[in-house]
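The lines below spell out each chain.
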Amino acid sequence: MYKLATVQTAQGPRAAAVIGDQVYDVAALTGQAKYVSVQDVLNDWDNAHKALDAASKSPKGQATPVAQAKLLAPLPLPPVIYCAGANYKDHAEEMWKAAGRPPEPDPHELGLKPWFFLKNPHSVVASGVDVEISNYSKKMDWEIELAVIIGRKARNLTIQNAMSCVAGYTC
């Protein structure tokens, strides 16, 4: 069992596998020099996952204790971030209440299809990183999000096979 991570090294950010309480460089652990970043691993997810799963059973090579590793955001600059609008119902109700307006109807109750919106990939930060608030902001509305990392290109999935595309989760 392993967890993917990005760690800061002397060579810059690197894809890492956390196995137990140790951190291993993914390229060294799998013998695949092309696995420099977590995005590189995701770009070859089927093969990378098999190699990581096998290597995690009896890891070899140089390791760093997790407590000594500088963990970065697992996928520091994702290509795209899709957000499900239905997940923001409570937040929307707060905003309507603050504006003195009644809540708008739930799109599902109106028979509308689910809707999505995009977030700026630069909104991803590592744990423990200070986030600066712009001088233009009068009020900051912050949230912590659960992110599902998709490990392979997919289209027209069914409920039964959708989870086969999930590489992991992060906050």
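Quantities reported herein were computed from a predicted structural model and do not represent experimental measurements.

A. View of the sheet that holds strand 5 (residues 70-72). Ordered in space as 4-3-2-1-5, the five strands form an open sheet in which the pairing is antiparallel. Either end of the sheet is taken by a strand with one partner, and the two such strands are strand 4 (63-65) and strand 5. Taken over all neighbouring pairs, the strand axes of this sheet differ in orientation by 45° on average, direction set aside. Bridge analysis of strand 3 (residues 22-25) against strand 4 gives three bridges, and the strand direction is antiparallel. Opposite Gln-22, over in strand 4, you have Pro-65 as the bridge partner.

B. Spatial organisation of the side chain of Thr-6. The residue Thr-6 is located in strand 1 (residues 3-9) in this model. Given a relative accessible area of 3%, Thr-6 falls into the buried group. Discounting residues that sit within four places of it in the chain, Thr-6 has contacts with Pro-13, Arg-14, Val-38, Lys-70, Leu-71, Leu-72, Ala-73, Pro-74, Leu-75 and Pro-76.

C. Looking closely at the side chain of Asp-44. Relative to the helices and strands, Asp-44 resides in the loop between helix 2 (38-43) and helix 3 (45-57). One polar contact links Asp-44 to Asn-47, side chain to side chain, over a distance of 2.9 Å. In this view, Asp-44 contacts Lys-34 and Tyr-35; residues no more than four positions away in its chain are not counted.

D. Seen up close, a nonpolar patch on the surface. Taken together, Leu-146, Val-148, Ile-150, Met-163 and Tyr-169 make up a surface patch of nonpolar side chains, about 540 Å² in accessible area. By the element assignment, Ile-150 lies in strand 8 (residues 147-150).

E. How the structure looks around the pattern of salt bridges. With the rule as written, the count across this model stands at five salt bridges. Arg-14 is the partner of Asp-25 in a salt bridge, and the nearest nitrogen-oxygen pair spans 2.8 Å. Within this pair, whereas Asp-25 is found in strand 3, its partner Arg-14 is found in strand 2 (residues 12-19), the two being separated by eleven residues in sequence. Lys-34 is the salt-bridge partner of Asp-44, the closest N and O atoms lying 3.4 Å from each other. With Asp-44 in the loop between helix 2 and helix 3 and Lys-34 in the loop between helix 1 (26-30) and helix 2, this residue pair connects regions lying ten residues apart in the sequence. Looking at Asp-44, the relative accessible area reads 18%, which means it is buried.

What counts and what doesn't
Residue numbering note: each chain is counted from 1, following its sequence as written. Per-residue local features are limited, in this predicted model, to residues with pLDDT of at least 70; the limit for side-chain atom pairs, both in listing and counting, is 80 or more; totals at the level of whole chains, interfaces and linings are taken over all residues. No hydrogens and no water enter the side-chain calculation; it runs on all heavy atoms of the structure. A strand pair is defined by DSSP finding two or more bridges across the two strands. Numbering goes from the N terminus for both helices and strands, where a helix is a DSSP run of H or I of at least four residues and a strand is a run of E of at least two. Only the stretch in contact is used when fitting a helix axis, every axis being a line fitted to C-alpha atoms; angles between N-to-C directions are given from 0 to 180 degrees. Note on classification: 1.4 Å probe, protein chains only; a residue is buried when its accessible area is under 20% of the maximum for its type, exposed when over 50%, partly exposed between these limits. Note on contacts: a residue pair is in contact if any heavy atoms of the two residues lie within 4.5 Å. Each polar contact in these results corresponds to two N or O atoms within 3.5 Å; when the atoms are within protein, one needs to be able to donate a hydrogen and the other to accept it, and residues that are neighboring in sequence are counted only if both atoms are side-chain atoms. Only residues above 30% relative accessible area that lack a salt bridge enter a patch, with like-charged residues linked at up to 9 Å and the nonpolar side chains Val, Leu, Ile, Met, Phe, Trp and Tyr linked at up to 5 Å. Shrake-Rupley sampling with a 1.4 Å probe provides the accessible areas, and residues are treated as covered by the protein chains on show and by no other component. Salt bridge, as used here, is a side-chain nitrogen of Lys or Arg placed within 4 Å of a carboxyl oxygen of Asp or Glu.

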